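Chain by chain, the residues run as shown.
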Amino acid sequence: MSRTTRRSSSLLRAAAVTGVAALTLTACGSGSGSGSGSGSGSSSASSGDVKVGLITKTDTNPFFVKMKEGAEKAAKENGAQLVTAAGKFDGDNAGQVTAIENMVASGVKGILITPSDSKAIVPAIAKARAKGVLVIALDTPTEPDSAVDALFATDNLKAGELIGEYAKAVMKGKTAKIATLDLAPGVSVGVQRHNGFLKGFGIDDKDPAVVCSQDTGGDQAKGQTAMENCLQKEPDINVVYTINEPAALGAYTALKAKGREKDVLIVSVDGGCTGTQAVKDGKIAATSQQYPLKMAAEGVKAVVTYAKDGKKASGYTDTGVTLISDKAQDGVTSKDTAYGLENCWG
């Protein structure tokens, strides 16, 4: 076969695979809001033969948008082809299972995934790995951790501890009445952040200081509703822990409607550009900033390395976390919002 013929055949095959991926991965569905995603699949091709899959919880949450940007840039730089998919909402395990199956069928060498359900996704991951696909979890660990080849993520327990320590320092000498606005059952990242916050504050779930706990799905509208419910239960709440910044801004909206936005301490996790700006504006007191772009970029590089020399990434890689606040507290290491805005989700 001539060089021209081989090149034409290769291009036709690439076009066919891209078309199949675009059709099949769209099956993950659509949604809206910070706790949901459109689930539409896409493919970013390059001259390379290594195909990398990225499956996020949603594709509308800014955190996962940034993650996708990081993966796209890394794929381009490393001569790889990126195929993406997302769930309908944060918790859409069925959508992620379908995405895994479609990606394996399309010939990916590796899959990067932020599990919506850390336990329920494990059988689908096992099937992919059995077929020689490298699977790396991003941001959210699976249960057990060994279900994937590697994890690139924030230390979510530490992220929670940082804002817990911060809140404890601010509330020194005062009686805390705490509301926790959490994620959802079965999602390890939510459990770790929640537990980390309590540990940093020096209490546990049974402590009488915790007066209300509600799930939000990481969604702003649900965060507002959860805060309204907590205020009905305990009007004197003065500390609010939130799973992420959309939930924090929802809580702020509910507090503002009651004229309480200036006397309630809100702390959160994520450190996105919008969330960091909210810290600067005084809506959120502090947030633990993480770096999804780095998670995705390192994941893509690991898949390309595996494709080239068979070396598998393994274990846990901590991609870092930084406490961001403009009101530093003694004994708690933090950086200001100028740093946070410069580095938000980089």
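Cut-offs applied
- Once a new chain begins, its residue numbering starts again from 1 and follows that chain's sequence as written.
- Two thresholds apply to this predicted model, a pLDDT of at least 70 for residue-level local features and 80 or more for giving and counting side-chain atom pairs, whereas whole-chain, interface and lining totals are computed over all residues.
- Neither water nor hydrogens contribute to the side-chain values; these are computed over all heavy atoms in the structure.
- Runs of H or I in DSSP of at least four residues are treated as helices and runs of E of at least two as strands, each being numbered from the N terminus.
- Take the number of residues in a helix, subtract one, and multiply by 1.5 Å to get its expected span.
- To sort residues, take the accessible area from a 1.4 Å probe on protein chains only and compare it with the maximum for the residue type: under 20% means buried, over 50% means exposed, and anything in between is partly exposed.
- Taken from the helix axis, the directions to the C-beta atoms give the arc we talk about.
- Counted as a polar contact is a pair of N or O atoms within 3.5 Å, where, for protein atoms, one must be capable of donating a hydrogen and the other of accepting one, and residues adjacent in sequence contribute only when both atoms are in side chains.
- The pairing criterion for strands is at least two bridges between them, as found by DSSP.
- Handedness rule for crossovers: strands pointing away from the viewer, path from the first strand over the helix to the second running clockwise, crossover right-handed.
- Put simply, a disulfide is two cysteine sulfurs that come within 2.5 Å.
- Looking at any residue, its pLDDT shows the predictor's confidence there, from 0 to 100.
- The contact definition used throughout considers only heavy atoms, calling two residues in contact when any of these lie within 4.5 Å.
- Note on aromatic pairs: the rings of Phe, Tyr and Trp (six-membered ring only in Trp) are paired at centre separations within 6.5 Å, and the planes decide the class, stacked below 30 degrees, edge-to-face beyond 60, tilted for the rest.
- In this scheme, the term charge over a ring applies when either NZ of a lysine or CZ of an arginine sits within 6 Å of the ring centre and within 35 degrees of the ring normal.
- Every case where a carboxyl oxygen of Asp or Glu lies within 4 Å of a side-chain nitrogen of Lys or Arg is listed as a salt bridge.
- For helices, the axis comes from a line fit to the C-alpha atoms of the stretch in contact; other axes are also lines fit to C-alpha atoms, and the angle between any two N-to-C directions lies between 0 and 180 degrees.
- We call two directions roughly parallel when the angle between them is under 35 degrees, roughly antiparallel when it is over 145, roughly perpendicular when it lies between 65 and 115, and oblique otherwise.
- What makes a crossing left-handed is the near helix being turned counterclockwise from the far one by less than a right angle; a clockwise turn instead makes it right-handed.
- Three classes are used, and their members are as follows: Ala, Val, Leu, Ile, Met, Phe, Trp, Tyr, Cys and Pro are nonpolar, Asp, Glu, Lys and Arg are charged, and the others, Gly among them, are polar.

(A) Geometry of helix 7 (residues 220-233). Helix length check: helix 7, at 14 residues, gives a terminal C-alpha distance of 20 Å against a target of 20 Å (1.5 Å per residue), a fit within 8%. What helix 7 keeps buried is the set Gly223, Ala226, Met227, Cys230 and Leu231. Down the axis of helix 7, the buried side of the element spans an arc of 135 degrees, and every buried residue falls inside it. Residues of helix 7 that are exposed and point over 90 degrees away from its buried face: Ala221, Lys222 and Gln232. Regarding helix 7, its N-cap is Asp219, as a side-chain oxygen of that residue lies 3.1 Å from the backbone nitrogen of Ala221 further along.

(B) Focus on the pairing of strand 9 (residues 239-242). Residue alternation in strand 9 divides its side chains into two sets, Val239 and Tyr241 and Val240 and Thr242, and both sets are buried. As defined by bridge partners, strand 7 (residues 178-182) adjoins strand 9 across 4 bridges and the pair is classed as parallel. Within strand 9, the position partnered with Leu181 by the bridge is Thr242. Relative to strand 10 (residues 265-270), strand 9 runs parallel, the two being bridged by 3 bridges. Paired with Val240 across the bridge in strand 10 is Ile266. Viewed along the sheet, the connection from strand 9 through helix 8 (residues 245-257) into strand 10 turns out right-handed.

(C) View of the state of the cysteines. Inspection of every chain in the model, using the stated rule, returns 2 disulfides. Across the disulfide, Cys212 is cross-linked to Cys230 (sulfur-sulfur distance 2.1 Å). Given an S-S torsion of about -75 degrees, the disulfide between Cys212 and Cys230 has left-handed geometry. In this pair, Cys212 sits in strand 8 (residues 210-215) while Cys230 sits in helix 7, placing the two residues 18 residues apart along the sequence. Using a relative accessible area of 3% as the deciding quantity, one classes Cys212 as buried. The buried category is assigned to Cys230, whose relative accessible area is 0%. Disulfide partner of Cys273: Cys344, at an S-S distance of 2.0 Å. As the torsion about the S-S bond is roughly 80 degrees, the Cys273-Cys344 disulfide counts as right-handed. Linking Cys273 in helix 9 (residues 273-280) with Cys344 in the segment after helix 11 (337-343), this pair joins segments that are 71 residues apart in sequence.

(D) Structural detail: the confidence of the model for the protein. Looking at the protein, pLDDT values average 88 and 86% of them are 70 or higher. Taken as a whole, residues 1-40 scores under 50 in pLDDT and shows 77 contacts with residues more than four places along the chain or in a different chain. Scored below 50 in pLDDT, residues 43-47 makes 11 contacts in the model with residues more than four places away or belonging to other chains.

(E) Structural context of the packing of aromatic side chains. Enumeration over the complete set of coordinates arrives at 4 aromatic pairs. Ring centres of Phe197 and Phe201 lie 5.9 Å apart, and the angle between their planes is 35 degrees; on these two criteria the pair is classed as tilted. Of this pair, Phe197 and Phe201 both sit in helix 6 (residues 188-201), separated by 4 residues, roughly a single helical turn. Judged by its relative accessible area of 10%, Phe201 is buried. Between the aromatic rings of Phe197 and Tyr241, the centroid separation amounts to 5.0 Å while the plane-to-plane angle is 25 degrees, which identifies the pairing as stacked. Taken as a pair, Phe197 in helix 6 and Tyr241 in strand 9 lie far apart in primary sequence, 44 residues in all. Phe197 gets classed as buried once you look at its relative accessible area, which sits at 0%. According to the relative accessible area criterion, Tyr241 is buried, its value standing at 0%. Grouped by ring-pair contacts, the aromatic residues Phe63, Phe64 and Trp345 constitute a single cluster. Of note, Lys335 hangs over the ring of Tyr339, and the distance from its end group to the ring centre comes to 5.0 Å.

(F) A look at the pattern of salt bridges. A full pass over the atoms with the stated rule returns 11 salt bridges. The salt bridge partner of Asp149 is Arg129, with a shortest N-O separation of 3.0 Å. Here the residue Asp149 occupies a position in the loop between strand 5 (134-138) and strand 6 (150-153), and Arg129 occupies one in helix 4 (residues 122-130), the gap between them amounting to 20 residues. The salt bridge involving Lys199 is made with Glu161; its shortest N-O contact spans 3.7 Å. On the criterion of sequence distance, the pair formed by Lys199 in helix 6 and Glu161 in helix 5 (residues 156-170) is long-range, its members being 38 residues apart. Residue Lys199 is classed as exposed on the basis of its relative accessible area, which comes to 53%. Put simply, Arg129, Asp149 and Lys312 are held in one network by salt bridges that share partners.

(G) Spotlight on the packing of helix 7 against helix 8. Running from N to C, helix 7 and helix 8 cross one another at 45 degrees; their axes reach a closest spacing of 7 Å. As the angle between them shows, helix 7 and helix 8 are arranged oblique. The crossing of helix 7 and helix 8 is right-handed. Here helix 7 contributes Gln220, Gly223, Gln224, Met227, Glu228 and Leu231 to the contact with helix 8, which in turn contributes Pro246, Ala247, Leu249, Gly250, Ala251, Thr253, Ala254 and Leu255. The residue makeup of the contact of helix 7 with helix 8, split by class, is 8 nonpolar, 5 polar and 1 charged.

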